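Structural description and commentary
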Amino acid sequence: VQLQASGGGLVQPGGSLRLSCAASGGTFSRYQMAWFRQAPGREREFVASISWSGASTNYVDSVKARFTISKDDAKNTVYLQMNSLKPEDTAVYYCAADPWGNSKYDTLGSYHYWGLGTLVTVSS
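Fair warning: this is a prediction, and the values are worked out from it, not measured in the lab. (Residues numbered from 1 in each chain as written. Predicted model: local features only at pLDDT ≥ 70, side-chain atom pairs only at ≥ 80, totals over all residues. Heavy atoms only, no water.)

1. Observations regarding the pairing of strand β7 (residues 67-72)
Burial along β7 is one-sided: F67, I69 and K71 are buried, while T68, S70 and D72, pointing the other way, are not. Judged from the six bridges that link them, β7 and strand β8 (residues 77-82) form a sheet pairing that is antiparallel. If you follow F67 over to β8, its bridge partner there is M82. The turn linking β7 back onto β8 is made up of four residues, and N76 within it adopts a positive phi angle of 50°. (Buried < 20%, exposed > 50% of the residue type's maximum accessible area, 1.4 Å probe, protein only. Helix = DSSP H or I, 4+ residues; strand = E, 2+ residues; numbered from the N terminus. Pairing = 2+ DSSP bridges.)

2. Some words on the nonpolar core
Membership of the largest hydrophobic core comes to 29 residues, with the highest contact counts inside it found for W35, L80, M82 and Y93. Counting residues per element, the ones that place at least two in this core are β1 (2-6), β3 (17-24), β4 (32-38), β5 (45-50), β7, β8, β9 (91-98) and β11 (118-122). Among residues more than four places away in sequence, those in contact with M82 are G15, S16, L17, L19, R66, F67, Y93 and V120. F36, F46, A96 and Y111 belong to the second largest nonpolar core, which has five residues in total. (Core = buried A, V, L, I, M, F, W, Y, C linked by side-chain atoms within 4.5 Å. Contact = heavy atoms within 4.5 Å.)

3. Things to note about the pairing of β11
In β11, alternate side chains face the same way, and those of T118, V120 and V122 are buried while those of L119 and T121 on the opposite face are not. Note that strand β2 (residues 9-11) and β11 share three bridges and pair parallel. Its bridge partner being in β11, L10 is matched across the sheet by T121.

4. Here's the deal with the state of the cysteines
Under the definition given, this model contains one disulfide. Disulfide partner of C21: C95, at an S-S distance of 2.0 Å. Residues C21 and C95 are joined by a disulfide whose S-S torsion is about 60°; by sign, that bridge is right-handed. In this pair, C21 is assigned in strand β3 and C95 in strand β9, connecting sequence segments 74 residues apart. The exposure classification of C21 matches that of C95, with both residues buried. (Disulfide = S-S within 2.5 Å.)

5. Describing the packing of aromatic side chains
Scanning all chains against the criterion turns up six aromatic pairs. Chaining the aromatic ring pairs together yields one cluster made of F36, F46, Y105, Y111 and W114. Above the face of the W52 ring, R30 is positioned so that its terminal group lies 4.0 Å from the ring centre. Cation over ring: R44 sits above W114, and NZ or CZ is 5.1 Å from the ring centre. (Phe/Tyr/Trp six-rings, centres within 6.5 Å; stacked < 30°, edge-to-face > 60°. Lys NZ or Arg CZ within 6 Å of the ring centre and 35° of its normal.)

6. So, the environment of V60
Along the chain, V60 falls in the loop between β6 (57-59) and β7. A residue is classified by how much of its surface remains accessible, and V60, at 23% relative accessible area, is partly exposed. Taking C-alpha positions, V60 is 17 Å from V120, a pair spaced 60 residues apart along the chain. Ignoring any residue separated from it by four or fewer positions in sequence, one finds V60 in contact with F46 and V47.

As structure tokens, this is what we get:
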């Protein structure tokens, strides 16, 4: 399975971006998907996840009500809509896939496949 993240860039505080992660080589519709991020000098952290059916989503507290994760099985793509961006959202964002639906959706070790990441910079 290969994951390709895109959509990062430079945005002013309060702005919006939509990240995309296209999957190939596997059964995307059966994967739990997630976004993680890693800021300079910090550990990679969980941002959001979505179950294989799309019925269940989870977010880290710092992005609730600002970010929305969604998936389109027809396009084998997961999205992260990011609104009201803050400078502290600056990081490299990674998408990840879990073929087995691990209940520990916020844990790095639950995800078997990772994309290379896309840089989001929030600055005026």
